[in-house]
Amino acid sequence: MTASPIKIQLLINGQSEIVSVPPMKRLLDVLREDLHLTGTKEGCGEGECGSCSVRMNGRLVNSCLVPVLQAQGAHIQTVEGLAIDAELHPLQKAFLECGGAQCGICTPGMLMAATCLLEHNPHPSLEEIREGLAGNLCRCTGFVKIFEAVTRAAAMQSSSVAKGHP
Amino acid sequence: MRGNAESHEFIRAADLLDALRRLNDAPGAWTPIAGGTELMVAHAAGRLTSPRLISLWGLPELQFIESTDESLSIGAGITFGDIRHHALIHAEFPLLTRAASWIGAIANQNRATLAGNIVNGSPAADAPPALLVYDAEIELVSLRGKRKIPYADFHLGYKRNVLAPDELVFALHLPRRFQKHAQYLRKVGARRAMAITKVALAGTALLKEGTIGEIRLAAASVADRPVRLLATEALLLGSTLSRELRNLARECLLHEVKPIDDIRSSADYRRHVAANLLDEFLLQLQPATAHEETA
């Protein structure tokens, strides 16, 4: 049996996109192959490493485990949606400053998991950061610099809130 | 070999009735899929053989957590992320909250559903031991109507259950009478997070004047399905806690569990760790003054 492509509408980083794909195609593959958003990476392909993390209607998901039909009409945020114009997201700045990225494969997923964490918990403890990123595996830097980056981003965000910036 | 998206027909049920009609019209032809944390892994590995899948993800009829004075009902489509952050579940059924926090990481918890964890039927699944010691009932639905059975009767063997081909899980119901019970759940895996269970033990118990007035024990990865440990429960019920009783219970449990050797652990290790976990629970139950070890 073969499944014909169907039209699926997605709201990717705030923009409406329509793709024509088999409904079982993984959201990860639709992002990378059909929408050319290659910031989202494939690591394990089985929901353990978090490299493919994106946000679907605000919630962190592994895009390798989402058949695209289930994302129909959903708001999807990928790493490409974090920076606003040329202005990097505080987490991206903090990862750069703290050396939180080395080979880069895990970084987009780390950033997406960390944005979720900081949105729900603007001042996480180290233990909360560790849990927030527990589904994202890094095999280069070790995790210390990544945790430092999240701590620094939290501080950057709270100081910009204190100064009245969004 | 990697799965091919084009080799599966895949539709989204418009609503619960639509899903039930399709299952009724072609029993056994459709594989229901919710959060995909199991089936999409099989798909990626080229192991998903189901030619036709029907998505239940997001069906509003299955997305509820409701309570009455007597019970708490959790809809089949509720995710472990929802369970983890539910105040009443946390207050009265903390073992379920804890089990939910062990199911993969946050991204998995945001997708994995309670019914998916149950229907997938892994003997190592995290939620079942907690559900078993809370005496949960499971409610099934088809076009023929709804039926409720004790969750303890749901699993029939390795990855086999009582669901008819036209049926879906509708909800789990937990009686609200465990607030005063001592409650225990411990999972032993290769590491603290993101690990599949080598062995897990859950327990609820109520002491009455020093004797065990009520006790329920359940375990994961010690049989072909999640199980209540009825023989060990029967031995403990009505008895007074002591070191001797704990040793008897330990012997009983060692004979009652039937684990296997597999990639994650050995039967012998599982049997002994399960007994150790029981001992830990019983020690916690024992009032501090009654500990012979400290006397």
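All of these numbers come straight from a predicted model, not from anything done at the bench.

**With respect to the pairing of strand β2 (residues 15-21) of chain A**
All names here are of chain A. In the sheet, strand β1 (residues 6-12) pairs with β2 via seven bridges, with the strands oriented antiparallel. Bridging from a neighbouring strand, glutamine 9 pairs with isoleucine 18 of β2. Counting the residues that bridge the hairpin from β1 to β2 gives two residues, and of these asparagine 13 lies at a positive phi of roughly 50°.

**A look at the sheet that holds strand β3 (residues 52-55) of chain B**
Residues and elements named next belong to chain B. Read from one edge to the other, the open sheet built from three strands follows the order β1-β3-β2, with strand pairing classed as parallel. The open sheet has two edge strands, β1 (9-12) and β2 (31-33), and neither has a second partner. The sheet shows a mean angle of 25° between the axes of neighbouring strands, direction not considered. Two strands pair when backbone bridges link them, and β2 and β3 are joined in this way by three bridges, in the parallel orientation. Within β3, the position partnered with proline 32 by the bridge is isoleucine 54.

**Here's the deal with the interface of chain B and chain A**
With 25 residues of chain B in contact, the opposing surface of chain A contributes 26 residues. It is helix α2 (residues 39-44) of chain B that contributes the most residues to the side of chain B that touches chain A, four residues altogether. Partitioned by chemical class, the residues of the side of chain B that touches chain A number 12 nonpolar, nine polar and four charged.

**A short note on the domain arrangement of chain A**
How big an interface is tends to be stated in terms of the accessible area lost upon association of its parts. All names here are of chain A. Once the domains are mapped, chain A shows domain 1 (6-81) and domain 2 (90-162). Spacing between the C-alpha centres of domain 1 and domain 2 amounts to 22 Å. Across the boundary between the two partners, domain 1 contributes 13 residues, which contact 11 residues of domain 2. The biggest single contributor to the side of domain 1 that touches domain 2 is strand β3 (residues 53-56), with three residues. Its residues assigned to classes, the side of domain 1 that touches domain 2 shows five nonpolar, six polar and two charged.

**Examining the environment of Ala115(B)**
Residue and element names in this part refer to chain B. Examined against the element boundaries, alanine 115 turns out to sit in helix α7 (residues 114-120). Classification of alanine 115 as buried rests on a count of 25 C-beta atoms within 10 Å. Measuring from C-alpha to C-alpha, the distance between alanine 115 and lysine 146 comes to 15 Å, with 31 residues separating the pair along the chain. Setting aside chain neighbours within four positions, we find alanine 115 in contact with Ala34, Ala76, Gly77 and Val169.

**A look at the packing of helix α2 (residues 90-98) of chain A against helix α3 (residues 107-120) of chain A**
Residues and elements named next belong to chain A. One way to put it is that α2 packs onto α3 with a least axis distance of 10 Å and a crossing angle of 130°. It follows from the interaxial angle that α2 and α3 lie oblique. Here α2 runs over α3; the crossing is right-handed. Counted together, Leu91, Gln92 and Phe95 of α2 and Thr107, Leu111, Ala114 and Thr115 of α3 form the full contact between these two elements. In terms of residue class, the contact of α2 with α3 is built from four nonpolar, three polar and no charged.

**Regarding unusual backbone geometry**
Residues and elements named next belong to chain A. Phi at histidine 36 takes a positive value of approximately 55°, unusual for a residue other than glycine. In this fold, histidine 36 is placed in the loop between α1 (27-34) and β3. Classification of histidine 36 by C-beta neighbours within 10 Å gives exposed; the count is 8.

**Here we look at the nonpolar core**
Formed by 136 residues in total, the largest nonpolar core has its most connected members in Ala114(A), Ala130(B), Ala202(B), Ala219(B), Ala274(B) and Leu278(B). At eight residues, α3(A) tops the list of elements feeding residues into this core. The contacts of Ala274(B), once residues within four sequence positions are left out, are Val199(B), Leu201(B), Ala219(B), Val222(B), Leu253(B) and Val257(B).

**Section: the domain arrangement of chain B**
Residue and element names in this part refer to chain B. Its domain assignment divides chain B into domain 1 (5-55), domain 2 (60-175) and domain 3 (182-286). On a C-alpha basis, the centres of domain 2 and domain 3 stand 21 Å from each other. Each partner contributes residues to the interface: domain 2 has 23 residues there, and domain 3 has 23 residues. Elements that contribute at least two residues to the side of domain 2 that touches domain 3 include exactly α5 (94-102), α8 (127-133) and β8 (155-157). Partitioned by chemical class, the residues of the side of domain 2 that touches domain 3 number 16 nonpolar, four polar and three charged.

**A word on helix α10 (residues 243-256) of chain B**
Residue and element names in this part refer to chain B. Over its 14 residues, α10 extends 20 Å from the first C-alpha to the last, a length consistent with the 20 Å expected when each residue adds 1.5 Å. For α10, the full list of buried residues reads Arg246, Ala249, Leu253 and Glu256. Within α10, the buried residues cover an arc of 85° as seen down the axis, which keeps them to one side. Pointing more than 90 degrees away from the buried face of α10 are the exposed residues Glu244, Asn247 and His255. Of the surrounding secondary structure, the elements contacted by the buried residues of α10 are α9 (230-236) and α11 (267-285).

Here is what the cut-offs are and how they apply
- Residues numbered from 1 in each chain as written.
- Chains lettered and ligands numbered in written order.
- Predicted model: local features only at pLDDT ≥ 70, side-chain atom pairs only at ≥ 80, totals over all residues.
- Pairing = 2+ DSSP bridges.
- Helix = DSSP H or I, 4+ residues; strand = E, 2+ residues; numbered from the N terminus.
- Axes fitted to C-alpha atoms, helices over the stretch in contact; angles between N-to-C directions.
- Contact = placed C-beta atoms within 7 Å.
- Nonpolar A, V, L, I, M, F, W, Y, C, P; charged D, E, K, R; others polar.
- Domains from an automatic or database assignment.
- Buried ≥ 20, exposed ≤ 12 C-beta atoms within 10 Å, placed from the backbone.
- Parallel < 35°, antiparallel > 145°, perpendicular 65-115°, else oblique.
- Left-handed = near helix turned anticlockwise from the far one by under 90°.
- Core = buried A, V, L, I, M, F, W, Y, C linked by C-beta atoms within 7 Å.
- Expected span 1.5 Å × (residues − 1).
- Arc of directions from axis to C-beta.

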